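# Residue-level structural notes
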Amino acid sequence: MKEYILDEPLTPAFLTFLRSFGIVKEYPHMKRPYFSFEHEHFISIKGFTGDTSVEVRYQKGFSDLTSDYFHLLLFYSRQGEPGIRKMHEIEESIRERMKIRLPR
Amino acid sequence: MAPDPGNPSLIYLNNAATTWPKPPEVLDELVRCLRTPFFEPGRSTAGNVTDYPTATREALAVFFHAEEPDHFIFTQSATDSLNILIQGFAKNQKTPFHAITTELEHNSVLRPLNTLEGQGALTLTTIPFHDSRVTLQDIKKAIRSDTRLVVMTHGSNVLGSLQHIRPIAEYCATNDIFLIVDGAQTAGLIPINLSEIPAGAFVLTGHKALFGLPGIGGFYIQDPQAIAPTRQGGTGTDSRTLVHPQDMPQKFEAGTPNYPGIASLLAGIHYIEREGQDAITNKCRSLTSRFIGKLTKDLNIILYNPAADLPVVSFNIRNMDNDEVGYILAKAYGVITRTDLHCAPLVHNRIDGGKGCVRVSFSYLTTPDECLMAAKAVREVAAGADR
């Protein structure tokens, strides 16, 4: 588990971007608007919209393959639709390497 | 509660894991202990310093009303104690035997027993609990002709329920069954009189309600012959012989003791004696019932034992994962709890389908305001989940 401090607050637009890759849950009526993101085998993210810190968990056994995944999401989230396509390509490449590692 | 310079509004409610803060007297004793050379007969020629191991064994004997100070053994933790006792008991048996434990247990009981079962050293019966308790009747039903060992908790670290171990101890003692009682969640929270509880062994940890440091625990053993030692090494005495001494307490201890841990345990016991065990018990019960009282009418909150005897309250909020609740309580409200399975998987299989829950646990040093603020926070999170 890692806690990252970001340069900019997390935005609702980033959550919309995340929805292209996994399950986003939101509890906007909490004291601080909470969200979580789950992408099986890749990462899970927890945080508050508008915050500059976020908790990211990587699945054991694959963390060396996925350790950059969160930062790639942040980077490509600024590129809209092309960013979504690029992330899907990156994900596919990671999945191929994961398949080699998964028990048969 | 001592303020955390990084987060002045921190409300620490994970005392069932380890207590925080520690009383100032414990911190003072630690500093005092570290400012002078450590001393124990046979290990040092230092004079005019406290022999912490001896002083602490004597203090434990008074505190727990036990006859033999030297039958208090220091270990790293309750887990370490339970491993020594369970493995040591099994090692002493000539043939496989039957053991009984309960669904309330921590993995520090379940894992050693399951490991021994897997090795063919014993067969194991795990008794279900009812209304958060396991009774003597439950244990009697499980007894067989080859039952030699019962290992059970004194207080559940999830449900906060106190088990009535005295009749169970009396029954086991009468029937030549060795009873190991895990007092990790009770030592320091309620009065315990070992002269009235004829358990084969009573396990304690130093860093929970006894206010010592993590890294110190122990156990009291009535009959040292019942357990084969599982570690050998330097004892500071009889160094010529290559055979580990069998007299107490050396029989079960080897290597340099954790002097700072032992010193912290001594100071913790003195603190409890000064404050009064009954005062501590009553305050913790008051905090627990206040907290539960604030949550009990909220239909979005599932309380797993609204009648908790110990300051341990486990709950879930409907439509939320327990780890999410824990995260929001910590980050948005500064309320520190514990989530997930609390190292007690069988309890959770029964109460929440194995998904885990949020656990709040108070200490004598928790203030009533903190208790009420935490309850308010939980209710706000529950309300937020419902919208």
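Preceding this section is the structure that the text describes.
What comes next concerns the included structure. These numbers come from a predicted model, not from an experiment. (Residues numbered from 1 in each chain as written. Chains lettered and ligands numbered in written order. Predicted model: local features only at pLDDT ≥ 70, side-chain atom pairs only at ≥ 80, totals over all residues.)

A tally of helices and strands in chain B yields eleven helices and twelve strands. The C-alpha atoms of chain B give a radius of gyration of 21 Å, which matches the 21 Å a tight globule of 387 residues would have. In terms of its C-alpha atoms, chain B occupies a principal-axis envelope of roughly 75 × 55 × 30 Å. Within chain B, the proportion of its 387 residues that are buried is 50%. Long-range contacts, defined as pairs at least 24 residues apart, comprise 70% of the intrachain contacts of chain B with a sequence gap of at least 6. (Helix = DSSP H or I, 4+ residues; strand = E, 2+ residues; numbered from the N terminus. Rg over C-alpha atoms; globule rule 2.2 N^0.38 Å. Buried ≥ 20, exposed ≤ 12 C-beta atoms within 10 Å, placed from the backbone. Contact = placed C-beta atoms within 7 Å.)

Now for the packing of helix 9 (residues 322–333) of chain B against helix 11 (residues 368–385) of chain B. All names here are of chain B. Packing of helix 9 against helix 11 brings their axes to within 10 Å, and their N-to-C directions diverge by 120°. What the angle tells us is that helix 9 and helix 11 run oblique. For helix 9 against helix 11, the interelement crossing comes out right-handed. Of the residues in helix 11, those touching helix 9 at Val 325, Ile 328, Leu 329 and Tyr 333 are Ala 377, Val 378 and Val 381. (Axes fitted to C-alpha atoms, helices over the stretch in contact; angles between N-to-C directions. Parallel < 35°, antiparallel > 145°, perpendicular 65-115°, else oblique. Left-handed = near helix turned anticlockwise from the far one by under 90°.)

Residue and element names in this part refer to chain B. Taken together, the seven strands give an open sheet; going across it, the order is 2-8-7-6-5-3-4, and neighbouring strands pair in mixed fashion. Taken across any chain shown, the strands that pair with only one partner, and hence form the sheet edges, are strand 2 (72–75) and strand 4 (122–127). Averaged over all adjacent pairs, the angle separating strand axes in this sheet is 20°, with direction ignored. (Pairing = 2+ DSSP bridges.)

Our next topic: the interface of chain B and chain A. Tallying the contact residues gives eleven residues for chain B and ten residues for chain A. Looking at the side of chain B that touches chain A, the elements that each hand over two or more residues are helix 9 and helix 11 of chain B. For the side of chain B that touches chain A, the element with the most residues is helix 9 of chain B, which contributes six residues. Across the side of chain B that touches chain A, the residue classes break down as six nonpolar, one polar and four charged. (Nonpolar A, V, L, I, M, F, W, Y, C, P; charged D, E, K, R; others polar.)

What follows deals with unusual backbone geometry. With an omega of -5°, the peptide bond running from Trp 20 of chain B to Pro 21 of chain B counts as cis. One non-glycine residue, Asp 131 of chain B, lies in the positive phi region at around 50°.

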